[in-house]
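What the coordinates show
These are the residues of each chain, in order.
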Amino acid sequence: MKQQTLLVAVLTYRRPATLERGLATMLRHVEKLAQDTDRAISPSIVVIDNDPAESARSTVIGFHSDLIRYVPEPVPGISAGRNRALDEAANHDLLVFIDDDEEPQELWLEPLLDTWRQTRPAAVMGRVVSQFEAELDPWIAAGSFFRRRRLPTGTVMPVAAAGNLLLDMPQVRRAGVRFNNSFGLSGGEDTLFSRLLVRAGGTILWCDESVATDFVPADRTTRHWVLRRAWSHGNSAALVDIHSTERAIQKGAARLRSVFRGILRMCGGSLRFGFGTLMASHRHQARGLRTAYRGAGMLAGAVGVAYLEYARERRSQTWFRRPAVRRPGNSG
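Structural notes, computed from the coordinates. As the structure is a prediction and not an experimental result, all values here were calculated from the model. (Residues numbered from 1 in each chain as written. Predicted model: local features only at pLDDT ≥ 70, side-chain atom pairs only at ≥ 80, totals over all residues. Heavy atoms only, no water.)

1. Overview of the overall build of the protein
The helix and strand inventory of the protein stands at eleven helices and eleven strands. Here the C-alpha radius of gyration of the protein, 20 Å, is about what a compact globule of 332 residues would show, namely 20 Å. Viewed in the frame of its principal axes, the protein has a C-alpha envelope of about 60 × 50 × 40 Å. Restricting the contact set of the protein to residue pairs at least 6 apart, pairs at least 24 apart contribute 79%. Taken as a whole, the protein presents about 15600 Å² of accessible surface, with 54% of it coming from carbon and sulfur. Distance between charge centres in the protein, computed from 45 positive and 34 negative side chains, equals 10 Å. (Helix = DSSP H or I, 4+ residues; strand = E, 2+ residues; numbered from the N terminus. Rg over C-alpha atoms; globule rule 2.2 N^0.38 Å. Contact = heavy atoms within 4.5 Å. Areas by Shrake-Rupley, 256 points an atom, 1.4 Å probe, with all protein chains shown as cover. Lys, Arg positive; Asp, Glu negative; His and termini not counted. Charge placed at Lys NZ, Arg CZ, Asp CG, Glu CD.)

Okay, structure coming up:
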């Protein structure tokens, strides 16, 4: 069996504690895989630091392992970091993305590989489960906002998130897709990337056995954060839908769809929130308000307004921008 090369890419920005914890577990997985002669995989890890101060360098060097490399990426934005990972994997067969606030569980790499080897899809998406730093507010818990879906392994996915994702690099290179820098500060870059990968003929499969834990700090379990995130997700969904079209008439149709969907969610969510208030139901209040916020974000995206979730300047200066209009597939 021909030995294949696999690169695990960890994107990081000023999270030394969770990065160190996650890397320790990733390294154990990679060392185990390197010794597995049946799978014939040559694995390694690259940590891509998006902090200009290179704050993760000492954490990576502290492992004293030849299996981990440190690479700084000075261009701000998550798209720049993900594209750097694609470049680092230019001579590799497989690339696995995992975030710096995640830690693999006991089953992680091997199920991704096994699912990929069955039919050789362009990508395999694993599960991510949440672990909380503090007890959840009853309103947040009732909304089930952090409950992730589960699907049978082998389910075909129309798009994928990059929190726990394996890519077949020859197929990605043939498709000519990269992460679009227009979404580097707003998010949604992985949705657009995977949508374009599928459009180019690639298949994305779900792997339910591969699991990574997402550590959620207390400041991300507040009502304010959840509602802002809902607005952001609705906003990026509309922008991705518009940006993934080519012709002006298609973009116009995508904008109209986002307007319609946004208004529908705002109205439906507001009604559910009102019903929840009358019935004193935390669940209906929470789910309704989040739906309304998501709709508002979609409506804003339809007119070209974007929320820069990953901007580094003061929030008062970075809430909104109008993204440049570029053809799908462009990275800039």
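The discussion continues.
2. Remarks on the nonpolar core
In this structure, L95, F97, L167, F193 and L197 are the most contacted members of the largest nonpolar core, which totals 34 residues. Sort the elements by how many residues they give to this core and helix α7 (residues 189–199) lands first, with four residues. In this structure, L167 is in contact with L86, D93, L94, L95, F97, A122, A123, V172, F193 and L197, ignoring residues within four places of it in sequence. In this structure, V96, L166, C207 and A212 belong to the second largest nonpolar core, which totals 28 residues. (Core = buried A, V, L, I, M, F, W, Y, C linked by side-chain atoms within 4.5 Å. Buried < 20%, exposed > 50% of the residue type's maximum accessible area, 1.4 Å probe, protein only.)

3. Thoughts on the packing of aromatic side chains
Under the criterion given, the structure shown has six aromatic pairs. Ring centres of F146 and W225 lie 6.4 Å apart, and the angle between their planes is 15 degrees; this geometry places the pair in the stacked category. Residue F146 is found in the loop between α5 (138–143) and β7 (156–157), and its partner W225 is found in helix α8 (residues 223–243); the two are separated by 79 residues along the sequence. For W225, a relative accessible area of 13% corresponds to the buried category. Each member of the aromatic cluster is reached from another via a ring pair, and the members are F97, F179 and F193. Over the aromatic face of F97 sits the side chain of R82, whose NZ or CZ is 5.1 Å from the ring centroid. Residue placement shows R120 over the ring face of W116; its charged tip is 4.2 Å from the ring centre. (Phe/Tyr/Trp six-rings, centres within 6.5 Å; stacked < 30°, edge-to-face > 60°. Lys NZ or Arg CZ within 6 Å of the ring centre and 35° of its normal.)

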